[in-house]
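Analysis of the macromolecular model
Single-letter residue listing:
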Amino acid sequence: MTKVLIATDKPFSPVAVNGIRNIIEGAGFELALLEKYTDVKDFYAAVTDVDALIVRSDKVTKEVIDAASKLKIVVRAGAGYDNLDLDACTAKRIVAMNTPGQNSNAVAELALGFMIYMARTCFTPATGSELSGKRLGIHAYGNVGRLVAQKAKALGMDIIAFDPFIPAEAITKDGVKVAKNLEELYSNSDYLSLHIPATAETKESINYNFLSLMPKGACLVNTARKEVINEADMEKILAERTDLKYITDIAAGNNDALMAFAPRYFATPKKMGAQTSEANVNAGLAAANQIVDFIKNGVTKFKVNK
Ligand code: 3PG
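**Focus: the domain arrangement of the protein chain**
- Taken domain by domain, the protein chain holds domain 1 (3-102 + 276-297) and domain 2 (104-267).
- Computed over C-alpha atoms only, the centres of domain 1 and domain 2 are separated by 30 Å.
- Tallying the contact residues gives 8 residues for domain 1 and 5 residues for domain 2.
- Contact between domain 1 and domain 2 buries roughly 470 Å² in total, counting both sides, with carbon and sulfur atoms accounting for 43%.
- Taken together, the links from domain 1 to domain 2 amount to 1 salt bridge.
- A salt bridge links Asp82 to Arg225, with the shortest nitrogen-to-oxygen separation between them at 3.1 Å.
- Its residues placed into classes, the side of domain 1 that touches domain 2 shows 2 nonpolar, 4 polar and 2 charged.

Right, dumping it as structure tokens:
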């Protein structure tokens, strides 16, 4: 019998797990569950006899792939698939997929929540400021960036975006200005919301040069990936510019050092952009449906590897 494993260090909500179970068992497959594992060896042991795997940000390394001798498909329930070793998957002819767009609304809402939290002085009684009339820069106008723009517009923010992969008309039609380059974007953003994936090109790309262009009192909002930040540069600029702020749901590698700048630096204890019941259901059920579609009908619509 086809066996599907959900392996999640940060579990899906019970309602999402039930929904996944209904789809998997409804297709005549078996479902196994590994949650909150503390030792990666438990992950290796759990994959040995599975045909399909659903993960979140869990690292699907070459070691995991080597341990999973029957594996045919792995689905990252979410957008970013930098946690999957795509070469290792391809070498074993394993199909790797993501579920684009399924958890975008949750991430976009958190990005807006972060802006309000910083504008309102981390919910202390001190006098804060309003988002209305402030300039919001959106770095990458994909599923999340577009939703952040839509919601920020309702709050009266003045929005500018940069995305070299999206035609300008597709951005301006939303009432969003297009920056001609990153320098223009960073120089004109009171809030800058990051939505770039972690790739070889983007890793550590948010560096001193861009951060130093940000206007007085500006705030960087990162619900994307910590890897895109040059963390040494972040530490340097927060020390030099006592007006700058950084808020994220993926704590920096040098979190302890950055905590010295609190409350201008704030990181949630665990990555939480997509941690809503709705997003868990959307992404989890999409992953389950994609697995059934692939095993039964060979559908590879959301394949991300070669
Ligand atoms: C994504 O890439 O979809 C988000 O970062 C969500 O990650 P998570 O599933 O670990 O919450």
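**What about the nonpolar core?**
- In this structure, Tyr186, Leu194, Ile206, Leu220 and Met234 are the most contacted members of the largest nonpolar core, which totals 30 residues.
- Elements supplying a minimum of two residues to this core: strand E7 (158-162), helix H8 (182-187), strand E9 (191-194), helix H9 (208-211), helix H10 (231-240) and strand E12 (265-267).
- Dropping the residues within four chain positions of it, Ile206 is found in contact with His139, Tyr186, Leu194, Ile196, Leu211, Leu220, Val228, Ile229 and Asn230.
- Core analysis: the next-biggest nonpolar cluster, separate from the first, contains 29 residues, Ala108, Cys122, Val148 and Ile171 among them.

**Section: the site of the ligand**
- Around the ligand, the structure places Lys10, Arg56, Ser57, Arg76, Gly78, Ala79, Gly80, Asn103, Arg225, Lys271 and Ala274.
- Here an oxygen atom of the ligand and a side-chain polar atom of Arg76 are 3.0 Å apart.
- The separation between an oxygen atom of the ligand and a polar main-chain atom of Gly80 is 2.8 Å.
- Classifying every residue of the shell around the ligand gives 2 nonpolar, 4 polar and 5 charged.

Here is what the cut-offs are and how they apply
Residues numbered from 1 in each chain as written. Predicted model: local features only at pLDDT ≥ 70, side-chain atom pairs only at ≥ 80, totals over all residues. Heavy atoms only, no water. Domains from an automatic or database assignment. Contact = heavy atoms within 4.5 Å. Buried area = accessible area lost by both parts, 1.4 Å probe. Salt bridge = Lys/Arg side-chain N within 4 Å of Asp/Glu carboxyl O. Nonpolar A, V, L, I, M, F, W, Y, C, P; charged D, E, K, R; others polar. Core = buried A, V, L, I, M, F, W, Y, C linked by side-chain atoms within 4.5 Å. Buried < 20%, exposed > 50% of the residue type's maximum accessible area, 1.4 Å probe, protein only. Helix = DSSP H or I, 4+ residues; strand = E, 2+ residues; numbered from the N terminus. Near = heavy atom within 4 Å. Polar contact = N/O pair within 3.5 Å; in protein donor to acceptor, adjacent residues only side chain to side chain.

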